[in-house]
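Remarks on the overall topology
Given next are the chains, with one letter for each unit.
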Amino acid sequence: MSASLFVVILGLYYCSKESYQSTLGRPELIGPTEALVKRVVDFYCELKISPENVAILLQLFKVDKSPKLLGEYTSLDREVAVFPMVIKPSHEGNLTCVAKAQNNSNIEPTVSDTQYLKVVEPVKGAKIVVPSGQVEFFEGKTLELRCKPTVGNHVSYSWMLNGQLVSQSRLLYVADDYLLIKRTTSQDSGSYMCVATNEFNKTDVFTANSSEVVITVKDLVSIPDISFTVLKEDSHNYSAMVACQTTKGTPPVTFSLYNRRGSVDNVTVDKRDVTFKVPMVLGRHLGWLQCQANNGDGIEYSQWISLEVVPVGGPVTMRYDYDIGENYAVISLRFYCKAAKGSLPRYQWFLNKTLLHDRGSFYYVVNQPPEESVLILSVGRSSTGSYHCEVSDSFDNTTAISSKMLYLDKEELNRLRSLVVVVVFGCFTFLVLLVSICLCIGAKSSQRQLGEKSLISQSTMRMLM
């Protein structure tokens, strides 16, 4: 081997050795991926490849928009760097270790892989915030609540209403710490509480319950119903007791009574119905009345009703019909009672002058005021007797008018029914016989006419011959 070739080989060897010794390997960052706030945690940075007798500066950074130095360590002879840290919420993020040769700018720094650190701060002091500030409002509005813990991160939330988990079907939107219910109803009223929870390493669970916030969702009043009865003050004075009521609406409710000229009266009550007293004269039309209801978020109006009461007047008439069973026997009967006039009639039925109540063993009463009343009977021995009805003003029983009496007897009723059947059947039979006789006479007459025509034809033929 020539001397020049040996020199070249030796030079390449020493250059390669110097290059290897002046190169840093990639450091390795070792440490937890999750840590609790205020706990002391150690992170380690190890550099396995580095030049001999060169001091290496190992630095721990949090990689953010701009890197933030968390610690430094000078390593001699490849010592493993230790970075003890008191964990703060700001430490959460990507961490990395950087290795640099001290006092030697010819050696390029190297960087470890990043490692994400999750910092958990146990949740405490949960509180419900109502952004609108309203805890009492009417149905149909939006309910928005927010759960705000004093401290804590990585928090999940659940909501309780009167101690029960809020139904997911009732929720329009839940995200992070928000609860939002649109088109609320009174069913959404109650005590709300939020439960804030976070956990560390899936083993330690931290929970904070808020104090309860009472939400009241009030029902709007429904369209009121209006009606009236008559009160007899004395023999000459009467009053209309006008009832206004709503089936829905959170009290207090203000009811107002109006006629065509304006307001008659109004009152605020802690219930959903009220009665107004209005003077009246029987037999006269006193105008029209309307009821209005309002519990704070709009007025609802009843229909207009006519304030007129016609006293009961005669005559009082009764009629009846019946149902038949096998063998044409009457099995049930209905009496109908009706007065010639009267706005507020009261009907009473009597059997042998004894008052019949609404229901008995063989009858029951169906009142259809003001038109009429119906007494429905099962025909039998118990129902035999004389029936009549009386009609009076519902507000004055001294005005009773009686119908004529009708006597009911099962045997007589069925005997009469049988006689009617016999008569009808006899008439039908007579008609059948009469039609048959007419047909026979018609047939014989037709035959006679045909015979006469035949004789005439024969005589005509002889004359022609």
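Our subject is the structure that appears above.
Cut-off values and rules
Residues numbered from 1 in each chain as written. Predicted model: local features only at pLDDT ≥ 70, side-chain atom pairs only at ≥ 80, totals over all residues. Heavy atoms only, no water. Helix = DSSP H or I, 4+ residues; strand = E, 2+ residues; numbered from the N terminus. Buried < 20%, exposed > 50% of the residue type's maximum accessible area, 1.4 Å probe, protein only. Areas by Shrake-Rupley, 256 points an atom, 1.4 Å probe, with all protein chains shown as cover. Contact = heavy atoms within 4.5 Å. Pairing = 2+ DSSP bridges. Axes fitted to C-alpha atoms, helices over the stretch in contact; angles between N-to-C directions. Salt bridge = Lys/Arg side-chain N within 4 Å of Asp/Glu carboxyl O. Phe/Tyr/Trp six-rings, centres within 6.5 Å; stacked < 30°, edge-to-face > 60°. Lys NZ or Arg CZ within 6 Å of the ring centre and 35° of its normal. Disulfide = S-S within 2.5 Å. Patch = residues over 30% accessible without salt bridge, like charges linked within 9 Å, V, L, I, M, F, W, Y side chains within 5 Å. Polar contact = N/O pair within 3.5 Å; in protein donor to acceptor, adjacent residues only side chain to side chain.

1. Here we look at the overall build of the protein
When helices and strands are tallied, the protein shows two helices and 36 strands. By the burial criterion, 36% of the 465 residues in the protein qualify as buried. When the accessible surface of the protein is summed, it comes to about 28,600 Å², and 54% of that surface belongs to carbon and sulfur atoms.

2. Section: the environment of Leu161
Mapped onto the fold, Leu161 is located in strand 13 (residues 156-161). On a C-alpha basis, the gap between Leu161 and Glu212 in space is 9.1 Å, while along the polypeptide they are 51 residues apart. Sequence-distant contacts of Leu161, that is, excluding residues within four places in its chain, are made with Val166, Gln187, Asp188, Ser189, Gly190, Ser191 and Tyr192.

3. Some details on the sheet that holds strand 10 (residues 127-129)
Paired through their backbone hydrogen bonds, the strands of a sheet run either parallel or antiparallel. Read from one edge of the open sheet, four strands run 10-12-16-15, paired in antiparallel fashion. Because the sheet does not close on itself, it has two edges, and the strands there are strand 10 and strand 15 (173-175). The mean angle between the axes of side-by-side strands here comes to 15 degrees, regardless of whether they run parallel or antiparallel. Two strands pair when backbone bridges link them, and strand 15 and strand 16 (residues 178-181) are joined in this way by three bridges, in the antiparallel orientation. What sits directly across from Ala175, in strand 16, is Tyr178.

4. Thoughts on the pattern of salt bridges
Where charged atoms from two side chains of opposite charge come close, those side chains can pair. Taken as a whole and judged by the stated rule, the model has ten salt bridges. Here Lys232 and Asp396 are joined by a salt bridge, their closest N and O atoms 3.2 Å apart. One end of the pair, Lys232, is in strand 20 (residues 225-232); the other, Asp396, is in strand 35 (residues 396-402), and 164 residues separate them in sequence. Residue Lys232 is classed as partly exposed on the basis of its relative accessible area of 29%. Connected through shared salt-bridge partners, Asp321, Asp323 and Arg334 make up one network.

5. Quick word on the packing of aromatic side chains
Tallied over the full model, the rule gives six aromatic pairs. A ring pair is formed by Phe362 and Tyr363, whose centres lie 5.2 Å apart and whose planes are at 65 degrees; its orientation type is edge-to-face. For Phe362, a relative accessible area of 15% translates into the label buried. Taken together, Tyr320, Tyr322, Phe335, Trp349 and Tyr387 form an aromatic cluster joined through their ring pairs. The ring of Trp304 is capped by Arg260, whose NZ or CZ atom sits 4.1 Å from the centre of that ring.

6. Notes on the pairing of strand 12 (residues 143-148)
Only one face of strand 12 is covered, namely the face carrying Leu143, Leu145 and Cys147; the face carrying Glu144, Arg146 and Lys148 is uncovered. By the bridge criterion, three bridges tie strand 10 to strand 12 in an arrangement that is antiparallel. Residue pairing for strand 12: Lys127 is matched across the bridge by Lys148.

7. Here we look at the sheet that holds strand 21 (residues 238-245)
Pairing within the open sheet is antiparallel, and its three strands lie in the order 20-21-24. The sheet is open, and its two edges are formed by strand 20 and strand 24 (273-280), each paired on a single side. Neighbour to neighbour, the strand axes of the sheet diverge by 25 degrees on average, direction disregarded.

8. Quick word on the state of the cysteines
A complete count under the given rule lists four disulfides for this structure. Bridging Cys45 to Cys97, the disulfide has an S-S length of 1.8 Å. On the sign convention where negative is left-handed, the bridge of Cys45 and Cys97, at about -95 degrees about the S-S bond, is left-handed. One end of the pair, Cys45, is in strand 3 (residues 40-46); the other, Cys97, is in strand 7 (residues 93-101), and 52 residues separate them in sequence.

9. Comments concerning the pairing of strand 28 (residues 313-324)
Relative to strand 29 (residues 330-341), strand 28 runs antiparallel, the two sharing ten bridges. Within the sheet, the bridge partner assigned to Asp323 lies in strand 29 and is Ser332. Joining the antiparallel neighbours strand 28 and strand 29 is a turn of five residues, in which Asn327 adopts a positive phi near 60 degrees.

10. Describing unusual backbone geometry
Geometrically, the link from Pro251 to Pro252 is a cis peptide bond, its omega value of 0 degrees lying close to zero. In this structure, Pro252 sits in the loop between strand 21 and strand 22 (253-259). Here Gly314 and Pro315 are connected by a cis peptide whose omega angle stands at 0 degrees. For Pro315, the location among the structural elements is in strand 28. One non-glycine residue with positive phi stands out, namely Asn53, at about 60 degrees. In this fold, Asn53 is placed in the loop between strand 3 and strand 4 (56-63). Non-glycine residue Asn201 carries a positive phi angle of around 55 degrees. Looking at where Asn201 falls in the secondary structure, it is placed in the loop between strand 17 (190-200) and strand 18 (204-209). Given the relative accessible area of 40%, Asn201 is considered partly exposed.

11. Looking at a nonpolar patch on the surface
Nonpolar side chains collect at one region of the surface, where Ile30, Tyr44, Val80 and Val82 lie side by side and expose about 280 Å² of accessible area between them. Along the chain, the position of Tyr44 falls in strand 3.

12. Some words on the side chain of Thr110
For Thr110, the position within the fold is in strand 8 (residues 110-111). There is a polar contact of 2.7 Å between the side chain of Thr110 and the backbone oxygen of Gly25. Look past the residues within four positions of Thr110 in its chain and what remains in contact with it is Leu24, Gly25, Arg26, Pro27, Leu47, Cys97, Val98 and Ala99.

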